[in-house]
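Analysis of the macromolecular model
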Amino acid sequence: MKKVALVLLLLTTLFASDAKLASTIYARISKALSGVSEPKIYLHGEIKAFLEYPLANPVKSCMEADVIITTTMQSLPIECHEKTLFANNYRLLRSSPQIVGAFFWSKGRPNIVFYKERLDRHGITLSDEYERYIEE
Amino acid sequence: MIVSTLLARKNSVLLFLFLPLMTLFMFILYYKYTLTTKQVFDVLYEQVISEKEYLIKNLVDSAIEREGEDFVHRLRTSESLRSQYEGEMSLIRTKDLTYLYMLYLDEKDRYRYLLDTTKESDEAAEFDQKFDPNTDAWSEARSSKKTQVRQQLDLQSLWISAVVPVIVDDKVVAYVGADFSYREYAKIKEIVSPLKDIYFYASVFMVILLISAYIQFVLYLQSQKRSYIDPLTQIFNRQYLIEFFKTSDIKQYHLLILDMDYFKSVNDTYGHDVGDDVIIQTVDRIKTNIRSKDVFVRYGGEEFLILLRRDASLILKKTALRIKEIVSATHIISHHHHIPMSISIGINPYPELAKNIDEAIKIADEQLYIAKTSGRNCIRIHEEDESEQSNRSKRLSDVHAALEEKRIRLAFQPIFNVVDSSLKKYEVLIRMIDEHGILIFPDDFLPAIAHTSVYNKLTHFILDNVLIKLRQHDDIELSVNIDLQDLFNEEIMQIITSLLKPYPTLASRITFEILEHEEIIDFDQIQKHIMTLRSFGCKIALDDFGSGYANFKYLLHLGIDILKIDGSLIRDIDSNKNAQIIVKTIVNFSKEIGVTTIAEQVETKEEFDKVQHLDIHSIQGYYLGRPKFDIPEDPVS
């Protein structure tokens, strides 16, 4: 059921703006990664979607965060590298082994990718609804 | 009822037909426009897609031809080959094509990039990168092996996407994705949208116009309602009646005219506040005995008109009786006064038989008048049938024509003065000569024209000619008959006043003989009118004394000059002892109060001799002379 819900969220974006969709997906993925209903999120870098639809539970220090959403690894305190990191682009995901997954736009379409090995390293088990987004 | 009356007006057609039709028309235009726009896009859509599909298929066929059936495998294993084909694909990527790429399906049924012509670094996909499809076009292309096209309603930057399957040996080995830019769509939309806006705003304008017209109409109805409602009683007024008759079939109604009895004295005794209150309470009582489909109108001050809708359940007489009785059932209490009230009702049961509506009302009014003069608090119903009404109507036209064609003639019957044995007074009698020259007597045509304008014209004609005769014969007097009801008729009194007031010398030679058919109730009124006639110098005679309603009470109250003893007492007076005694008594009583007497219908020498010895002042009858159209130049003295 949950699987269907996420697919529907990705598919059913009629009348919703890209920003709203992105913000919603980030929020859902943060919950899934942290395993808490109201995860503390640290935003590293700038993501336009959050300007319009801000994060629900942001924190000012990456150390306090359950999930770090990042646009770059530069200037992210080293002590936060072991936190659950989630990126906003595919290239960053590919180049930074600390990052467990990414949400990005590819050909105007929303895409989600998780790497299984990185999730396992953080002891994260995602529910079935994310199965189709997990890469070996 | 007001709405239906107003809706019957022609200009309502504009509101109830034209405006809604115009609004509907605008919406149809708007809908048609939307449909046409869609068709335009469909054509464009087909055009754009089919052109690109053709180019893509050519490219793919050429690649397969060159690389063989393991075309996909070769691409997956050779970066240089991918680079070569990305270059070739880029050639067909024009401005309107945002993305052009090739995917393959891996073992886990996930789409992955094989080729991508996107050069922008943040948008370009890497080889083997996973692709999350957002429509079923990909799976459909796989199963149908045909190009699939989808409109990207859920993506802001894309308009339509096409998925072209790459088929080798009847097997789909890859997919070419082509995403068309929204910019093209937006450009076309921009061109046509002003037209769409025009249709849309015109439709909205028509709706607003329609709504405002309806609001205006409701306001108009309200104001019309106010103008149709009597402010005191809250029932319809006379203005409404005029509108009602324009749009309604009178055949469906019985016509009743009601008048509150002695209402003037209520006003005089208790004041207008109480009078108004009594009217309101009377109306309220009447309302409880009529139905919503009946029309209740305040016709005058204390006069009302009811149109009772005819149906099987309505019994006219019973309803009228119920209305009459509910008004007089209990005293009306107003400002601590207990006021008895009753109404008189005149009914024209079949108003459609009358020549017109005024005539129909007049007939009911006549019945009301009779009800009033018959003691009030009663109902009178007009019993005339259709043929009678038709005859009456014809007679009215006859008299009117006779007046126009000077076929109304005055006849003069001499009245012999016993005292000075002179013949210097005549009774004026009226005759009509019909189209065939036949003489018509007044009893045959006067009832038909009573209470009509023809009657007033005839009155004017008679008095006019009487004055002419008096001028021609300066030594005679003329006696003119006047109906008691004429004295209550303002128009008749106006005619008399206008003709006689300026000529007191001539007027002093006129005697008005009052004829009455009903008992006089309101002596004060009669006296007032008689005083008016006397003020012009006229003398007043009471006709047919001793028969019917005329009695001694009249003699005492009316202040008359002459008493005309009824012909039934004079006839056979020479042989009838009782008649002699009655006439003697009348003559003696008259002498006592200073009233002179005339004996009429004296037809024999015996009657003449007898009457002469009874001390009667004047004698009239065929024995002395029949009515003639001319007065002799030298009347016999």
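Look up: the structure comes first, before these words.
To start, this report covers the structure provided alongside it. Computed from a prediction, not measured in an experiment: that's the story for all the values here.

A word on the pattern of salt bridges
All names here are of chain B. Tallying each qualifying case throughout the model produces 36 salt bridges over all chains. Between Arg142 and Asp109 there is a salt bridge; the shortest N-O distance is 3.9 Å. With Arg142 in helix 5 (residues 137–144) and Asp109 in the loop between strand 1 (97–105) and strand 2 (111–116), the pair connects residues that are 33 residues apart, well separated along the chain. Judged by its relative accessible area of 47%, Asp109 is partly exposed.

Focus: the state of the cysteines
Residue and element names in this part refer to chain A. A full pass over the atoms with the stated rule returns 1 disulfide over all chains. Paired through a disulfide, Cys62 and Cys80 show a sulfur-sulfur distance of 1.8 Å. On the sign convention where negative is left-handed, the bridge of Cys62 and Cys80, at about 70° about the S-S bond, is right-handed. Highlighted residues: Cys62 in the loop between helix 3 (48–52) and strand 2 (67–70) and Cys80 in the loop between strand 2 and strand 3 (84–87), separated in sequence by 18 residues. Residue Cys62 shares its accessibility class with Cys80, and that shared class is buried.

Section: the interface of chain A and chain B
Counting from both sides, the interface comprises 25 residues of chain A and, opposite them, 29 residues of chain B. When chain A packs against chain B, the two sides together hide about 2200 Å² of surface, and 38% of this comes from carbon and sulfur. Its largest share of buried area at the contact with chain B, chain A owes to Arg91, Lys107 and Arg109 of chain A, together 34% of the area lost on that side. There are 7 salt bridges connecting chain A and chain B. One salt bridge connects Glu136 of chain A with Lys108 of chain B, and the closest N-O pair in it is separated by 3.3 Å. Going through the elements one at a time, helix 4 (90–95), strand 4 (99–106), strand 5 (109–115) and strand 6 (134–135) of chain A are the ones with two or more residues in the side of chain A that touches chain B.

Some details on the nonpolar core
Residue and element names in this part refer to chain B. The biggest cluster of nonpolar side chains holds 74 residues, and the ones touching the most others in it are Ile496 and Phe512. With 9 residues, the single largest contributor to this core is helix 14 (residues 453–472). If sequence neighbours within four positions are ignored, Phe512 has contacts with Leu463, Val480, Ile482, Ile496, Leu500, Leu533, Cys538, Lys539, Ile540 and Ala541. Ranked by size, the runner-up nonpolar core spans 31 residues in total, among them Ile49, Leu75, Leu97 and Ala178.

Looking at a nonpolar patch on the surface
Taken together, the side chains of Leu17, Leu21, Leu24 and Ile28 of chain B define a hydrophobic patch exposed on the protein surface, amounting to about 380 Å² of accessible area. Residue classification places Leu24 of chain B among the partly exposed positions, given a relative accessible area of 49%.

Quick notes on helix 17 (residues 523–535) of chain B
Residues and elements named next belong to chain B. For helix 17, built from 13 residues, the straight-helix expectation of 18 Å at 1.5 Å per residue is met to within 8% by its first-to-last C-alpha distance of 18 Å. Of all the residues in helix 17, the buried ones are Phe523, Ile526, His529, Ile530 and Leu533. With its buried residues spanning 130° around the axis, helix 17 presents them on a single face. Every exposed residue of helix 17 that faces more than 90 degrees away from the buried side is listed here: Asp524, Lys528, Met531 and Ser535. Next to the buried residues of helix 17 lie helix 15 (490–500), strand 18 (510–515), strand 19 (539–545) and helix 18 (552–558). Directly beyond the C-terminal end of helix 17, a positive phi value near 105° is found at Gly537.

Rules behind the numbers
- Residue numbers run consecutively from 1 along every chain, following the written order of its sequence.
- Key to labels: chains lettered from A, ligands numbered from 1, both in the order written.
- The predicted nature of this model means local features are confined to residues of pLDDT at least 70 and side-chain atom pairs, given and counted, to a pLDDT of 80 or more, with totals for whole chains, interfaces and linings taken over all residues.
- With hydrogens and water set aside, each side-chain value is computed from the structure's full complement of heavy atoms.
- A carboxyl oxygen of Asp or Glu within 4 Å of a side-chain nitrogen of Lys or Arg is what we treat as a salt bridge.
- Helical segments are the DSSP runs of H or I of at least four residues, strand segments are the runs of E of at least two, and each set is numbered from the N terminus.
- Each residue gets one of three labels from its accessible area relative to the maximum for its type: buried under 20%, exposed over 50%, partly exposed in between, using a 1.4 Å probe on protein chains only.
- By convention in this document, the label disulfide applies to cysteine sulfur atom pairs within 2.5 Å.
- Contacts were defined at the residue level, with two residues in contact if any of their heavy atoms lie within 4.5 Å.
- A simple way to read buried area is as the amount of 1.4 Å-probe accessible surface that goes missing from two parts once joined, with both sides added.
- Throughout, nonpolar core names a set of buried Ala, Val, Leu, Ile, Met, Phe, Trp, Tyr and Cys residues whose side chains join them through atoms within 4.5 Å.
- Patches were defined on residues exceeding 30% relative accessible area and lacking a salt bridge, with like-charge contacts within 9 Å and nonpolar side-chain contacts (Val, Leu, Ile, Met, Phe, Trp, Tyr) within 5 Å.
- The Shrake-Rupley method, run with a 1.4 Å probe, gives the accessible areas here. Residue values count only the displayed protein chains as cover.
- What a helix should span is 1.5 Å times the count of its residues minus one.
- For this quantity, the arc is that covered by the directions from the helix axis to the C-beta atoms.

Note that every value here comes from positions in space, so none of it alone points to a role or purpose.
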